[in-house]
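Structural overview
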Amino acid sequence: MARSALITGITGQDGAYLANNLLVKGYDVWGVVRRSSHFGVVDHRLRWLGIDRDVRFIDGDLTDLSSLLRAVETAKPDEVYNLAAQSFVASSWQQPVLTSTVTGVGAVNVLEAVRIAQPDARFYQASSSEMFGLVQEAHQNEKTPFYPRSPYGASKLFAHWMTVNYRESFGLHASSGILFNHESPLRGVEFVTRKVTDGVARIKLGFTNELRLGNIDAQRDWGHARDYVEAMWLMLQQPEPSDYVVATGRTTSVRQMVEIAFAHVGLSPADHLVIDPDLFRPAEVDVLLGDPSRAVQALGWHPTTSLEDMIREMVDADLARLS
Ligand code: NDP
Ligand code: GDR
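Residues numbered from 1 in each chain as written. Chains lettered and ligands numbered in written order. Predicted model: local features only at pLDDT ≥ 70, side-chain atom pairs only at ≥ 80, totals over all residues.

The name that an unreviewed UniProt entry assigns to the protein chain is GDP-mannose 4,6-dehydratase, with the source organism given as Acuticoccus mangrovi.

Laid out in structure tokens, this is it:
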């Protein structure tokens, strides 16, 4: 019998790539979707990958434990991936209570649903490098102390520790992937890489002449979402649950990433880039650089896509979409 997986956040970037990955592996894939996402408004990512008809949807919301219990009872999943979140760091200062409720407490609702209705299921929590925040070590690994710098980071840290707690208290096979930034043509346009590739494509096609950004000195360890969802799956195939850092081991400034995107279409940022102080955050995570050694050694995982290739792929996808 085919194994089954339940994904929260299936309409997001990672949810779409993970669903695709699991379908290729032969899983029955179920997705929790918010009522507001229905009627083709948000499942465009699944359609882009050509899998919108291969996934079974269940109405639910991370803030509603009863809907999550029903989802778990219906799907009877072997694996549960909790990817749903208010995931945009900048918005988390404007909506701190919502972010805490969905990104933090929401994860506990999913853990509770699994514990009550399907305690043998394996559980994945989407933890984040934002938990490291104010970084005190050059490379961040599983032993690096946490110091979140936003309501989002603090909410993810709560969810992370609750995942560890459920593993140790109830014996759940609950793993947490501390994933560094990962992008793709399916990335939300509010995040900086996609904002840049979409903006560069618009400038190239003559729709606009400027691109407004905030702090371009921030540095991130950027990988491709397609590679990172494979790491999620690998974690749940291990006999013992654990926590893993998933990263490329290379950090690049926003400024350098912008240059790669403009160069791909033969333009220069100097002619189009505007720094907008309103886009700076109340507190910044200046530099992130992950050490994925444990994931490489224990999971046999490694990143396959360079930042340059990924940004070019994203610019080309945005040019095609806008044309
Ligand atoms: P997205 O923002 O693209 O997707 C978020 C998903 O969560 C969407 O499907 C959204 O549904 C869903 N969602 C939001 N609120 C609720 C709610 N109340 N109930 C149910 N579903 C909800 O995120 P990504 O795909 O980029 O990231 C996936 C996860 O990994 C997130 O938890 C994110 O915080 C985390 N993460 C991401 C990283 C990255 O670089 N991408 C790095 C580290 C961690 P809807 O379509 O209805 O809005
Ligand atoms: P991040 O991603 O906050 O790291 O969280 P984002 O792409 O939003 O920002 C990255 C860096 O770019 C700087 N920046 C800008 N960011 C945005 N969005 N828009 C701008 O105009 C802009 N100008 C400069 C930011 O200040 C920041 O330093 C992502 C999310 O996917 C989280 O859910 C996830 O947990 C982390 O990655 C790891």
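Another point: the environment of A138. On the secondary structure map, A138 appears in the loop between β5 (122-128) and α6 (151-170). In this structure, the C-alpha to C-alpha distance between A138 and W161, residues 23 residues apart in sequence, is 23 Å. (Helix = DSSP H or I, 4+ residues; strand = E, 2+ residues; numbered from the N terminus.)

We now examine the site of ligand 1. In the vicinity of ligand 1 lie 25 residues, with G9, G12, A84, A85 and A126 positioned nearest. Where the shell around ligand 1 is concerned, the elements lending two or more residues are α1 (13-24) and β5. With three residues, α1 is the single largest residue contributor to the shell around ligand 1. Residue composition of the shell around ligand 1, grouped by class: eight nonpolar, 14 polar and three charged. (Near = placed C-beta within 6 Å. Nonpolar A, V, L, I, M, F, W, Y, C, P; charged D, E, K, R; others polar.)

With respect to spatial proximity, 22 residues lie near ligand 2, and among them V89, S128, V192, G214 and A218 are the closest. Residue composition of the shell around ligand 2, by class: 10 nonpolar, six polar and six charged. Taken domain by domain, the shell around ligand 2 gets at least three of its residues from each of domain 1 (4-182 + 224-246) and domain 2 (188-220 + 250-290 + 306-322). (Domains from an automatic or database assignment.)

Right, let's get into the domain arrangement of the protein chain. Parsing the protein chain into structural domains produces domain 1 (4-182 + 224-246) and domain 2 (188-220 + 250-290 + 306-322). Between domain 1 and domain 2, the C-alpha centre-to-centre distance is 26 Å. Taken together, the residues that form the side of domain 1 that touches domain 2 break down as eight nonpolar, eight polar and two charged.

Now for α6. Between its terminal C-alpha atoms α6 stretches 28 Å, which fits the 28 Å expected from 20 residues at 1.5 Å a residue. G171, located one to two residues past α6, shows a positive phi value of around 70°. (Expected span 1.5 Å × (residues − 1).)

At a closest axis distance of 8 Å, the pairing of helix α5 (residues 96-117) and α6 adopts a crossing angle of 15°. By the angle between their directions, the pair α5 and α6 is classed as roughly parallel. Crossing geometry of α5 relative to α6 is assigned as right-handed. Within the contact between the two elements, α5 uses P96, T99, S100, T103, G104, A107, V108, L111 and R115 and α6 uses P151, Y152, S155, K156, F158, A159, M162, T163, Y166 and F170. Across the contact of α5 with α6, the residue classes tally to 11 nonpolar, six polar and two charged. (Axes fitted to C-alpha atoms, helices over the stretch in contact; angles between N-to-C directions. Parallel < 35°, antiparallel > 145°, perpendicular 65-115°, else oblique. Left-handed = near helix turned anticlockwise from the far one by under 90°. Contact = placed C-beta atoms within 7 Å.)

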